[in-house]
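Structural characterization, general
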Amino acid sequence: MDCMNVRSVLHLLHLDEVTYGPCVQSVHDFVDRAWENEVIPALVRYIEIPNVSASYDPEWKRNGHMDRAVALVLEWMRSRAIVDMVVSLVELPGLSPMIVVDVAAFGCAEPGPAVLLYGHLDKQPEMTGWREGLGPWKPVLHGDRLYGRGGADDGYSSFASLLAIEAVQAHGGSHRRCVVLIEASEESGSPDLPAYVEHLASRIGDIDLVICLDSGCIDYDRMWVTTSLRGLAGGSLCVRVLEEGVHSGDASGVVPSSFRVARALLDRIEDSSTGSLLLPELSVDIPNDRLEAAMATAAELPEPISAQYKWSGTTEPMTSDWVEQLLARTWKPTLSVIAADGFPDFGRAGNVLRPFTRLKLSVRLPPTCDARAAVAALQKALTTDVPYNADVSFDDLECTAGWNAPSFSPWLEGALNRASEAAFGLPARTFGEGGSIPFMGMLGERFPNAQFVVTGVLGPESNAHGPNEYLHLPTARRLTVAMAMILHEHATIDRS
């Protein structure tokens, strides 16, 4: 379609309130070409790099994988045709690197506060269970899916952020000053981020809109905006009953099983028959607006959230209620045992009563839960009055606060719907995400008057952190278009 006056294009899309800006079809065409010819090849090279986050590779600096990934992204960014752009690599001593992109306001008589766009380029470790022909560091393009670790979580964000800015400039739009931060410690809980935000405070300046691309979507049919994120509390529970393993026939019945002691301790924090967590410090009252949003979202879904998971055999979800499923993954605490130590390989296990059991616990917390109080309550419950006076520790503690988004201002609510209509053909919808993004709470405190657009491409079966992770390419392209439209509206719409 030839580029026409944007008012005509937007009228066809029921978006005629928007001031003059980029031609929607031209932006689509531009973004599609750039993704096909420039972004996908770069992402293929990025996926090949095993730059796992520092928590999983203590020798990350010596191994050099993170530096390779950073160099690849920097090279691509510096090649873009963006006016008044400065791309910098910032490295504080002993910390992972940070990419900072500063783009001056474009087409705006009154620049106003800036937009902050966030993503990360560090990755989760390999994980087992990849299907034949796939692998974490083996990019495979199959139809609309680009398989491999880190493409969807969150490598695409570096490319999509700059491409959205470039699309605005190339097609008659405007944007306020844009600051892009791409960190390299998110998968470790963003431990390096506070120091960088403080160090860069004067460069970041005043922010009134934050766009984060590290979240998910319930389906690939529209733009989904995350309104809350769960917090995290966890640590390593170790139960030791002996200095060394002994014959199980000789010792069992006298020496308590370390696994049974660990199981008894876990019963203090979780009802094993329902999965409900028992400590009051781990729960909160669900706000009425989030309850209403969950009901509205469930009413529009063609199938329950549980349908996106690949169930084994006849396994059923913990609840069949569609609304309760949405709330359970956002506003209710859950316990996951994510690792175990002290067990021999299955095929090499003798009849030995093991000396210890060590379990890595991960507790997802409601968005407004006090993470520090939660981890303190866990430590007290797991280490006080231990059965048989066993040697128990709960260490390697971690806690990350959740986040509950401020209400959308009228201009942003309208802009989100118009951007989603322009990019996907359907209005935007909101939901609560089950994961954690530490950056959001930090930015919420630093910029209390900012609006937040937290979105992403992690939809059904995309399987971030697990095997067979993939990036759904049509969604990534459409989200790039949607961001371009939001940037333009932020710069031009009347917010009085």
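Observations concerning the nonpolar core
One finds Trp35, Tyr156, Ile211, Met223 and Leu471 to be the most contacted residues of the largest nonpolar core, which totals 75 residues. The element that contributes the greatest number of residues to this core is helix H2 (residues 24–47), accounting for twelve residues. Residues within four places of Trp35 in sequence aside, it is in contact with Ile40, Pro41, Leu43, Tyr156, Ala160, Leu163, Leu471, Leu473, Ala476, Arg477 and Thr480. One finds Leu92, Tyr118, Val179 and Phe439 within the second-largest nonpolar core, a separate group that totals 29 residues.

Notes on the sheet that holds strand E7 (residues 207–212)
With respect to topology, six strands assemble into an open sheet ordered E1-E2-E6-E3-E7-E17, the strand pairing being mixed. For this open sheet the edge positions go to strand E1 (85–90) and strand E17 (451–454), each flanked by a neighbour on one side alone. Averaged over neighbouring strand pairs, the angle between their axes works out to 15° when direction is ignored. Strand direction decides the pairing type here: strand E3 (residues 114–120) and E7, joined by five bridges, are parallel. Bridging across to E7, Leu116 finds its partner in Val210. Packed onto the sheet, helix H5 (residues 151–170) meets E1, strand E2 (98–103), E3 and strand E6 (178–183) and runs at close to 150° relative to E3.

Considering the packing of H2 against helix H15 (residues 473–492)
Interhelical geometry of H2 versus H15 gives an angle of 130° and a closest axis separation of 10 Å. Considered as vectors, H2 and H15 are oriented oblique to each other. Both H2 and H15 take part in a crossing whose hand is right-handed. In this structure, H2 uses Val24, Val27, His28, Val31, Asp32, Trp35 and Ile40 to contact H15, whose residues at the interface are Leu473, Ala476, Arg477, Thr480, Val481, Ala484 and Met485.

Some points on the sheet that holds strand E14 (residues 391–400)
A sheet is described by the order of its strands in space; here four strands give the open sequence E11-E13-E9-E14, paired in antiparallel fashion. Of all strands in the sheet, those bounded by a partner on one side alone are strand E11 (334–341) and E14. Within this sheet the neighbouring strands show an average axis-to-axis angle of 20°, counted without direction. Pairing between strand E9 (residues 231–240) and strand E13 (residues 356–365): ten bridges, direction antiparallel. Looking at E13, one finds that Gly234 is bridged to Ser362. Contacts from helix H12 (residues 371–383) reach E9, E13 and E14, with the element oriented near 170° to E14.

A few points about the confidence of the model for the protein
Residues with a pLDDT of 70 or more make up 95% of the protein, whose mean pLDDT is 93. Confidence over residues 1–20 falls short of pLDDT 50; this stretch has 36 contacts with residues more than four positions distant or in other chains.

Quick word on the pattern of salt bridges
As enumerated under the stated definition, the model contains 18 salt bridges in all. The partner of Lys61 in a salt bridge is Glu91, and the shortest N-O contact between them spans 3.4 Å. Pair noted here: Lys61 is in helix H3 (residues 60–63) and Glu91 is in the loop between E1 and E2, with a separation of 30 residues, a long-range link. Take Lys61: its relative accessible area is 43%, and that puts it in the partly exposed class. Glu300 is the salt-bridge partner of Arg429, the closest N and O atoms lying 2.9 Å from each other. Here Arg429 is found in strand E16 (residues 429–433), whereas its partner Glu300 is found in helix H10 (residues 288–300), with 129 residues between them in sequence. A relative accessible area of 26% places Arg429 in the partly exposed class. Several salt bridges converge on common partners, so that one network encompasses Glu38, Arg80 and Glu166.

Examining the environment of Arg80
Note on placement: Arg80 falls in the loop between helix H4 (65–78) and E1. Of the residues examined, Arg80 reaches a relative accessible area of 9% and is grouped as buried. The sequence separation of Arg80 and Arg329 amounts to 249 residues, and the corresponding C-alpha distance is 39 Å. For Arg80, the residues in contact, after removing those within four places along its chain, are Glu38, Met85, Leu162, Leu163 and Glu166.

Examining the packing of helix H13 (residues 410–424) against H15
Contact pair H13 / H15: the axes reach a minimum separation of 8 Å and the direction vectors enclose 140°. Judged by the angle between their axes, H13 and H15 are oblique. Crossing geometry of H13 relative to H15 is assigned as right-handed. Taken together, the residues of H15 that come into contact with H13 (itself represented by Trp411, Ala415, Leu416, Arg418, Ala419, Ala422, Ala423 and Phe424) are Thr475, Arg478, Leu479, Val481, Ala482, Met485, Ile486, Glu489 and His490. Here the residues of the contact of H13 with H15 sort into twelve nonpolar, two polar and three charged.

The rules behind these values
Residues numbered from 1 in each chain as written. Predicted model: local features only at pLDDT ≥ 70, side-chain atom pairs only at ≥ 80, totals over all residues. Heavy atoms only, no water. Core = buried A, V, L, I, M, F, W, Y, C linked by side-chain atoms within 4.5 Å. Buried < 20%, exposed > 50% of the residue type's maximum accessible area, 1.4 Å probe, protein only. Helix = DSSP H or I, 4+ residues; strand = E, 2+ residues; numbered from the N terminus. Contact = heavy atoms within 4.5 Å. Pairing = 2+ DSSP bridges. Axes fitted to C-alpha atoms, helices over the stretch in contact; angles between N-to-C directions. Parallel < 35°, antiparallel > 145°, perpendicular 65-115°, else oblique. Left-handed = near helix turned anticlockwise from the far one by under 90°. pLDDT = per-residue confidence, 0-100. Salt bridge = Lys/Arg side-chain N within 4 Å of Asp/Glu carboxyl O. Nonpolar A, V, L, I, M, F, W, Y, C, P; charged D, E, K, R; others polar.

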